[in-house]
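Coordinate inspection notes
Chain residues, written in single-letter form:
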Amino acid sequence: MNSFKTFIAATALATVAFTGAALAGDMTISKPWARASAGMAKAGAAFMFIYNETGMDDTLVAAKADVSKKVELHTHLMEGGVMKMREVEGGIPVKNGTTQELKPGSYHVMFMGLNEPLKEGSSFPVTLVFEHAGEKTIKVEVMGPGAMGDMAKHKMGGMQNMDHGNMPGMGQ
Ligand SMILES: [Cu+2]
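Keep in mind the model is a prediction, meaning the values are calculated, not measured.

This part covers the overall build of the protein. Helices and strands together make up the secondary structure of the protein, namely two helices and 10 strands. Counting helices and strands in the order they occur from the N terminus, the protein gives α-β-β-β-β-β-β-β-β-β-β-α. Each of the 172 residues in the protein was classed as buried or not, and the buried ones make up 24%. Summarising the internal contacts of the protein: among those between residues at least 6 apart in sequence, 70% fall at separations of at least 24.

Checked against the element boundaries, F130 lands in strand β9 (residues 123-130). Each C-alpha atom of the pair F130 and G91 lies 9.0 Å from the other, and the pair is 39 residues apart in sequence.

Even without being glycine, K31 reaches a positive phi, approximately 50°. Tracing the sequence through the fold places K31 in strand β1 (residues 27-35). Of the residues examined, K31 has 11 C-beta atoms within 10 Å and is grouped as exposed.

For the rest of this paragraph, the subject is the nonpolar core. A45, A46, L60, V109, F111 and V126 are the most contacted members of the largest nonpolar core, which has 28 residues in total. Those elements giving two or more residues to this core turn out to be β2 (43-52), β3 (58-65), β6 (92-94), β8 (108-114), β9 and β10 (134-143). Here this core takes six residues from β2, the largest share from any one element. When near neighbours in sequence (up to four residues on either side) are disregarded, V109 contacts A45, A46, A63, V71, L73, L102 and V126.

Most of β2 sits out of view: eight of its 10 residues are buried. Looking at chain direction, β1 and β2 are connected through six bridges and run antiparallel. Bridged to A34 within β2 is A46. Across four bridges, the pairing between β2 and β8 is antiparallel. Across the sheet, A45 pairs through a bridge with M110, a residue of β8. As defined by bridge partners, β2 adjoins strand β7 (residues 99-102) across four bridges and the pair is classed as antiparallel. In the sheet register, F49 faces β7, and the bridge partner there is E101.

On to the environment of T98. With respect to the secondary-structure elements, T98 resides in the loop between β6 and β7. Under the C-beta neighbour-count criterion, T98 is labelled partly exposed, with 13 such atoms within 10 Å. For the pair T98 and I50, spaced 48 residues apart in the sequence, the C-alpha separation amounts to 8.3 Å.

A word on the pairing of β9. Residues F124, V126, L128 and F130 of β9 are buried on one face, while the alternating residues S123, P125, T127 and V129, pointing to the opposite face, are not. Where β9 lies against β10, eight bridges are found, and the strand directions are antiparallel. Bridge pairing links P125 to K139 in β10. With antiparallel pairing between neighbouring strands as the criterion, β9 and β10 make up a hairpin whose turn holds three residues.

The rules behind each value
Each chain carries its own residue numbering, running from 1 in the direction its sequence is written. Whole-chain, interface and lining totals are the exception, using all residues; otherwise, since this is a predicted model, local features are given only for residues with pLDDT of at least 70 and side-chain atom pairs are given and counted only at 80 or more. Counting from the N terminus, the helices are DSSP H or I runs at least four residues long and the strands are E runs at least two residues long. Partly exposed residues are those falling between the two cut-offs: more than 12 but fewer than 20 other C-beta atoms within 10 Å of their own, whereas 20 or more means buried and 12 or fewer means exposed, with C-beta atoms placed from the backbone. It is the C-beta atoms, placed from the backbone, that decide contacts: two residues are in contact if theirs lie within 7 Å. Definition of nonpolar core: a set of buried Ala, Val, Leu, Ile, Met, Phe, Trp, Tyr and Cys residues joined via C-beta atoms within 7 Å. Strand pairing is assigned whenever DSSP identifies at least 2 bridges connecting the two strands.

Encoded structure:
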């Protein structure tokens with residue numbers, strides 16, 4: 001009888017532990033990539049998918065990396081009919097049960113003042129800081145300068161020229 005009770009207790013414990021793990025879930029980052037920097041470009045950007053299965057809404061509040069002097073969370077917005085990049089105020093929202101996509105023309109992690117060019121085929125670590133899920137370090141793969149097609153490339157180049165060129169810390 002005692003051993004039977006022990007078995008029941010152990011089974012109950014295991015069930016609780018398993019259910020707890022399933023409910024808690026995780027913040028999963030997939031396909032993080034950056035475009036190779038061209039020539040003397042002093043800025044780069046990283047893109048990725050963030051899956052929030054943690055059970056609560058969260059916010060990506062910051063990012064850290066050694067590849068550049070500054071790392072910021074950016075988005076694009078229309079200003080006077082011109083698309084511009086701006087630092088995100090209050091972080092990038094990642095609601096529970098959803099996927100937030102960081103992509104060219106939208107949210108991205110911006111590396112300002114690159115210490116060295118981002119070379120195609122290389123990779124570098126980036127630590128994402130979430131309000132609730134804490135820090136997640138990922139490996140960002142550097143893709144070719146033409147990644148995401150010509151349209152995206154031309155748009156991106158234009159935006160960098162018209163906006164990032166006059167931001168503090170750039171073009172030094
Ligand atoms: Cu940017």
